[in-house]
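Here are the chains, one letter per residue:
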Amino acid sequence: PCKHRVPSPSEVVHQVYLKPERLTKRSSSSEPQLKIKIIYDYSVDRLPADQRRLVKDKLFPQAIDYLQRLSVRHRAGPVLLSRQCVTNQYLRKRDDPHRYCQGACAQVTRCGPVVVPQHHLQQCKVCSESGRSCGPSGPPDGPGVEGADFVLYVSGLTTERCGQENIVAYAAYCQLEAELDRPIAGYANLCPAMISSQPQDFEGMLSTVKHEIIHALGFSAGLFAFYHDEEGRPLTPRFASGLPAFNETLGLYQWSEAVIRRVSRLWDVRGGQMVRHHVHVFVTPHVVEEARRHFGCPILEGMELENQGGTGTELNHWEKRLLENEAMTGSHTQNRVFSRLTLALLEDSGWYRANYSLAQRLDWGRSLGCDFVLKSCKFWMEQQRRSRHHAVAPYCDTVRASPLQLTCRQDQLAVAVCNLQKHPEQLPPEFQYFDRIPDVADSQLPFFGGAVEIADFCPFSQEFSWHLGGEFQRSSFCRLAQNQPDLLRNYGAEQYGPDSVCLYQRSAFVMEQCTRRLTYPDWGSGCYKVSCSGGGLVVFVQDRSFLCQHQGQLLSVSVRLGGWVYSGVLLCPACELFCERCPLPHQLPSTNASRSEPIDPCSGAPGPVLGLPLLLVHLLPLVVGLLLCSFH
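Residues numbered from 1 in each chain as written. Predicted model: local features only at pLDDT ≥ 70, side-chain atom pairs only at ≥ 80, totals over all residues. Heavy atoms only, no water.

As annotated in an unreviewed UniProt entry, the protein chain is Leishmanolysin-like peptidase from Tetraodon nigroviridis. Quoted verbatim from the Function (unreviewed entry) field of the UniProt record, the comment on the protein chain reads "Metalloprotease." (UniProt positions renumbered as here; feature names shortened; annotations may be inferred.)

Right, dumping it as structure tokens:
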């Protein structure tokens, strides 16, 4: 999981005075676009050429371009940062916006692991040990960073945190301005050993960089106590110092109940029992509105924050059980999207105005109602089983075992496997959800749950990768042509590519030659090309096309490929999943093109006889997935 380390009080400078923006520089808009200025540390230029180009030409420019479409509520003049103090002891004088170091300013001022350039710093201001004699010291103010609302220092250093886990990057803020407590500077460090320039890793790395910068901009438990309302008033009371109370136990400034509330849920678990499940809920206005709309639950108090994963994961991310593939959950499992909920949180900081056209569609949990969002996944799965027409989606209840029972990711864009598994130890009673599992003894049931702890051990279907001899071969995402299996391993006559989706198989495909008949033990779904037509969704299996007239329609397939005849049955998905325009029931054609004539494997010109070595392909599901950031 992502371990976003909240900076300690000694690492953060609060109430940094910024001069008002010069009138000639003011934007014509009252809420101009957020301007983020990237400052690359020397360490980035020392990376290998391919990594350096990836970081400077692709990853950060694309991430910043996305985030700069936020608007900033309060713009000041150039960003000129405050110097850190040698002892972290400082004084403030009445009617003076600057802070004065007691004794001396530090020789260097850092933002995370990066040394801030001298020309980005204000003049040092010091007071004697007694506090009586105060004044400026050393070089005057530098010019600062013009045309920026937030300065991001980017480094590529192999730090101690890089070595603690296989982490890609980590980021945080380091200085907050005085008027609204908005972060004006932060850092992002990429761990060189984990920077991958492989094309298949780019989207994951870009999502990681965005995720980390969003932590630095505002989605951090260390910043929640500094949020402001629409009128610019602090949502959490302040002491005379201008700071909120500090919670020594959490190591965080303590937010008020106007930001986060602790609530208790009634939680169904194994054996017909109910327990109390305590969660922290984000209750700011836009987050509440978006959460209620997303789940279709008008009584929802707000959006749950992560309650597991330890320091850095808890409270710093959305709850994985409820927003599985939202990019600001605590681990990367699959298909990350930045939803309206994350934009709403940034808006509720009081620092930004969200541009909701940036939001990506989040299907997980959409319109599933109060029973989904307020109850345990056991309650939800049992309720779905009692309904005649519903599976337990978006959860699953098939144990991951060999042979694999393949399924589809929720959006049907990747082949997936249910991550229900046996754990080495009994799960806490709060997370034991199964009264029965086929072929599992009752005494073993407490050991079974989903593979992802921060999803409250609720099982769900995940895409995965094929590995052979420990080497990555391909992933199960349908829309990447490079995931196409070679002929000897294409057991379901699949086709991967930009127009392909995951379809369910009614039975295992049979591969036949005149004297041979083979089936592959892992089956249940596969990737097939589709297109939209006036008559509905068209499915292609090699050179044959089939018209889907309704969801659940069976497509009987028989095609010849590489000297083998492939026969199987596919299930039609809902046309609306993939096509903007679908025919109404009365517009459907009367012909039924859902069956291809069976092909006799002994007829026609004999194709080349191909042996089919049934290789043991080691499937390594991406359970915890690409780690986003560091362990504290």
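1. What about the domain arrangement of the protein chain?
Domain annotation of the protein chain identifies domain 1 (13–22 + 29–227), domain 2 (260–368), domain 3 (388–466) and domain 4 (478–577). The C-alpha-based centres of domain 2 and domain 3 are spaced at 22 Å. Taken together, the contact between domain 2 and domain 3 spans 27 residues of the former and 26 residues of the latter. Summing both sides of the interface, domain 2 and domain 3 together bury roughly 2000 Å²; the carbon and sulfur share of this comes to 53%. Area buried by domain 2 at its contact with domain 3 is led by Arg270, Gln308 and Trp364, which between them contribute 34% of it. Where domain 2 meets domain 3, there are one salt bridge. Asp456 serves as the salt-bridge partner of Arg321, at 2.6 Å between the closest nitrogen and oxygen. On the surface where domain 2 and domain 3 come into contact, there are 13 residue pairs in polar contact (both at pLDDT 80 or more). (Domains from an automatic or database assignment. Contact = heavy atoms within 4.5 Å. Buried area = accessible area lost by both parts, 1.4 Å probe. Salt bridge = Lys/Arg side-chain N within 4 Å of Asp/Glu carboxyl O. Polar contact = N/O pair within 3.5 Å; in protein donor to acceptor, adjacent residues only side chain to side chain.)

2. Details of the packing of helix H2 (residues 49–67) against helix H4 (residues 202–217)
Viewed as axis vectors pointing N to C, H2 and H4 meet at an angle of 55°, and their least axial separation amounts to 9 Å. In terms of orientation, H2 lies oblique with respect to H4. When you trace H2 past H4, the crossing you get is right-handed. On H4, the residues touching Leu54, Lys58, Leu59, Phe60, Gln62, Ala63, Ile64, Tyr66 and Leu67 of H2 are Phe202, Met205, Leu206, Val209, Lys210, Ile213, Ile214 and Leu217. (Axes fitted to C-alpha atoms, helices over the stretch in contact; angles between N-to-C directions. Helix = DSSP H or I, 4+ residues; strand = E, 2+ residues; numbered from the N terminus. Parallel < 35°, antiparallel > 145°, perpendicular 65-115°, else oblique. Left-handed = near helix turned anticlockwise from the far one by under 90°.)

3. Focus: the sheet that holds strand S12 (residues 183–190)
Read from one edge to the other, the open sheet built from five strands follows the order S1-S11-S12-S10-S2, with strand pairing classed as mixed. Whereas interior strands pair on both sides, the edge strands pair on one side only; in this sheet they are strand S1 (13–16) and strand S2 (36–40). For this sheet, the mean angle separating the axes of adjacent strands, direction not counted, is 25°. Two strands pair when backbone bridges link them, and S1 and strand S11 (residues 169–177) are joined in this way by two bridges, in the parallel orientation. Paired with Val16 across the two strands is Glu177, which belongs to S11. In this fold H2 packs onto S2, strand S10 (150–155) and S12, with an angle of close to 160° to the strand it touches most, S2. Of the strands in this sheet, S2, S10, S11 and S12 touch H4, which is tilted by about 25° from S11. (Pairing = 2+ DSSP bridges.)

4. What to know about the packing of aromatic side chains
Across all of its chains, the model carries 22 aromatic pairs by this definition. Look at Phe226 and Tyr253: their rings are 5.2 Å apart centre to centre, the planes differ by 70°, and that puts the pair in the edge-to-face class. Note that Phe226 is positioned in the loop between H4 and strand S13 (246–247) and Tyr253 in strand S14 (residues 252–253), a separation of 27 residues in sequence. Among the residues examined, Phe226 registers a relative accessible area of 0% and is labelled buried. Seen from their ring centres, Trp364 and Phe460 are 5.7 Å apart, and the 75° between their planes marks the pair as edge-to-face. With Trp364 in the loop between strand S18 (352–353) and helix H7 (370–374) and Phe460 in the loop between strand S22 (448–450) and strand S23 (461–468), this residue pair connects regions lying 96 residues apart in the sequence. Each member of the pair Trp364 and Phe460 is classed as buried. By way of ring pairs, the aromatic residues Phe219, Phe224, Tyr227, Trp255, Phe282, Trp318, Trp351 and Tyr352 are connected into one cluster. In this structure, Lys422 packs its charged tip against the face of Phe447, placed 5.6 Å from the ring centre. (Phe/Tyr/Trp six-rings, centres within 6.5 Å; stacked < 30°, edge-to-face > 60°. Buried < 20%, exposed > 50% of the residue type's maximum accessible area, 1.4 Å probe, protein only. Lys NZ or Arg CZ within 6 Å of the ring centre and 35° of its normal.)

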